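Structural characterization, general
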Amino acid sequence: MKKALITGITGQDGYFLAKFLLGKGYEVHGFARRNSQMALGTLVFLTPDERSRIKMHWGDVLDHPFIDSLVRMNRYDEIYHLAAQSFVGLSFENPKATYDINIGGTLNFVNAIKEYSQRTKMYFAATSEMYGKAEAVPQDERTPFHPRSPYGVAKLAGFWTIKNYRESYGLYLTNGILFNHESEMRGPEFVTRKIAAGAAKIARGSSEPIRLGNLEARRDWGFAGDYVEGMWLMLQRPMPDDYVLATGENYSVRECTERAFGRVGITIVWEGRGADEIGKNAANGQTVITIDPAHFRPAEIDELRGDASKAKRELGWTTRMSFDTLVARMVDVEVARLKRPDLQFTQA
Ligand code: NAP
Ligand code: F7E
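Before going into details, it helps to say that this report is about the structure given with it. (Residues numbered from 1 in each chain as written. Chains lettered and ligands numbered in written order. Predicted model: local features only at pLDDT ≥ 70, side-chain atom pairs only at ≥ 80, totals over all residues. Heavy atoms only, no water.)

A closer look at the site of ligand 1
Lining the immediate environment of ligand 1, one finds 24 residues, of which Thr10, Arg33, Leu82, Ser86 and Tyr151 sit closest. Contacts to ligand 1 include Gly8, whose backbone N or O atom sits 3.4 Å from an oxygen atom. At 3.2 Å from an oxygen atom of ligand 1 is found a main-chain nitrogen or oxygen belonging to Ala84. Burial of ligand 1 by the protein amounts to 86% of the accessible area it has alone, namely 900 Å². By residue class, the composition of the shell around ligand 1 is ten nonpolar, nine polar and five charged. (Near = heavy atom within 4 Å. Polar contact = N/O pair within 3.5 Å; in protein donor to acceptor, adjacent residues only side chain to side chain. Areas by Shrake-Rupley, 256 points an atom, 1.4 Å probe, with all protein chains shown as cover. Nonpolar A, V, L, I, M, F, W, Y, C, P; charged D, E, K, R; others polar.)

Here's what the structure looks like:
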């Protein structure tokens, strides 16, 4: 039985990857930060049987002696290093913590592999945010990087750390350059989940508009469940390499908003411009969207769209869920969560 460690297992991707690897018969170990409530994050949505099959290790990615001993004791077949400060907006306010966790945490794992378990294969969660002010659309593995946030800069340092350790020490280390992938397990501050949750509440009678930032930013949004399979496929190749995972299509935040409200039967009409723009329910004139400058970033990425041809060719990977289906799924889950408090993101 193969043994895998997932760092960041309590996040969105951790949930889908844990489910996927358990389904493949892996012995799954999870690495997560202890908190005072022992909250398991997204893992509460696994079945009790799935949860009982995961061996948890409570620690911080900054704790290198702990990581050393974990890797030395377990000599994992595969490590999926997902743990990160992953919110781009926050990285402008907390750049130091973002650098420490996203660069330092990655360094701790590759050093532990180099010292104690050289046959362990590791996946690193790199990101389309490294392209930033991109020179070309679509972006692939050869597109130059120009990150636009402390998060993007830190992930780029992680990306080069993986490449450098691979070239220097012959380790099996892989970069997955993943474009945005979403689901009902997304953190509530990310824009797709925020829109889906807001639309569901308004459809149920809330008068609280959703306060958004830049409506024109375009992202290549896929379904997280499809992307974790790509992570696994990357570690099944004879040689380590770097791969883009993306849908090849992009949509604006405005288009995402219109589709989410469409799902609950609300057509939006837009009025005004810039920070004064509002979105209204065409049927009754209720304001459902306002613009909040607090959600604009000091430096924005206008457009990301990925070209995953290499992953399709070499891994046989492809996305299965369309953007419309993804938005509909996220909105439907939020509607269900309002009816069933036990489906909320609260810890049992
Ligand atoms: P997420 O939901 O924010 O999950 C991040 C996980 O990292 C959480 O479990 C978090 O635990 C953990 N973590 C943060 N700091 C830690 C620390 N110091 N020690 C231990 N654990 C720590 O992110 P995601 O969407 O699943 O993404 C997974 C990875 O892929 C991240 O590295 C992200 O940067 C990267 N990525 C994501 C996307 C995307 O669109 N989702 C695209 C490209 C790359 P807490 O709950 O305790 O904070
Ligand atoms: O923003 C705009 C915002 O925070 C998407 C992370 O998983 O994907 C994610 O990063 C866009 C941006 O995700 C609001 O300015 C408008 O242009 O949902 P987001 P992100 O920044 O793309 C990448 C690939 C990762 O690697 C990251 O870890 O939406 N936007 N209004 C807003 N964004 C937020 N959060 N909130 C708003 O109100």
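Some remarks on helix α9 (residues 253-263)
If you check which residues of α9 are buried, you get Val253, Arg254, Cys256, Thr257, Ala260 and Phe261. Taken around the axis of α9, the buried residues stretch over an arc of 160 degrees, which confines them to a single face. Along its buried surface, α9 packs onto α7 (191-203), β8 (210-212), β12 (251-252), β13 (268-271), β15 (287-291) and α11 (323-339). Gly265, located one to two residues past α9, shows a positive phi value of around 80 degrees. (Buried < 20%, exposed > 50% of the residue type's maximum accessible area, 1.4 Å probe, protein only. Helix = DSSP H or I, 4+ residues; strand = E, 2+ residues; numbered from the N terminus. Arc of directions from axis to C-beta. Contact = heavy atoms within 4.5 Å.)

A look at the sheet that holds strand β2 (residues 27-32)
Spatial strand order, β3-β2-β1-β4-β5-β6-β11: seven strands in an open sheet with parallel pairing. Each of the sheet's edge strands pairs with one partner strand only, and the pair in question is β3 (54-58) and β11 (242-245). Across this sheet, the average inter-strand angle for adjacent strands is 20 degrees, counted without regard to direction. Both strand β1 (residues 3-7) and strand β4 (residues 78-81) contribute to a ladder of four bridges, which runs parallel. Bridging from a neighbouring strand, Ile6 pairs with Tyr80 of β4. Running at roughly 150 degrees to strand β6 (residues 173-178), helix α6 (residues 150-169) makes contact with β5 (121-127), β6 and β11 of the sheet. Against the sheet, helix α8 (residues 224-234) engages β4, β5, β6 and β11, with an angle of about 155 degrees to β6. (Pairing = 2+ DSSP bridges. Axes fitted to C-alpha atoms, helices over the stretch in contact; angles between N-to-C directions.)

A word on the pattern of salt bridges
With the rule as written, the count across this model stands at 26 salt bridges. Between Arg142 and Asp140 there is a salt bridge, with the nearest N and O atoms lying 2.7 Å from each other. Classification of Asp140 by relative accessible area gives buried; the value is 13%. A salt bridge links Arg259 to Asp324, with the nearest nitrogen and oxygen atoms 2.5 Å apart. (Salt bridge = Lys/Arg side-chain N within 4 Å of Asp/Glu carboxyl O.)

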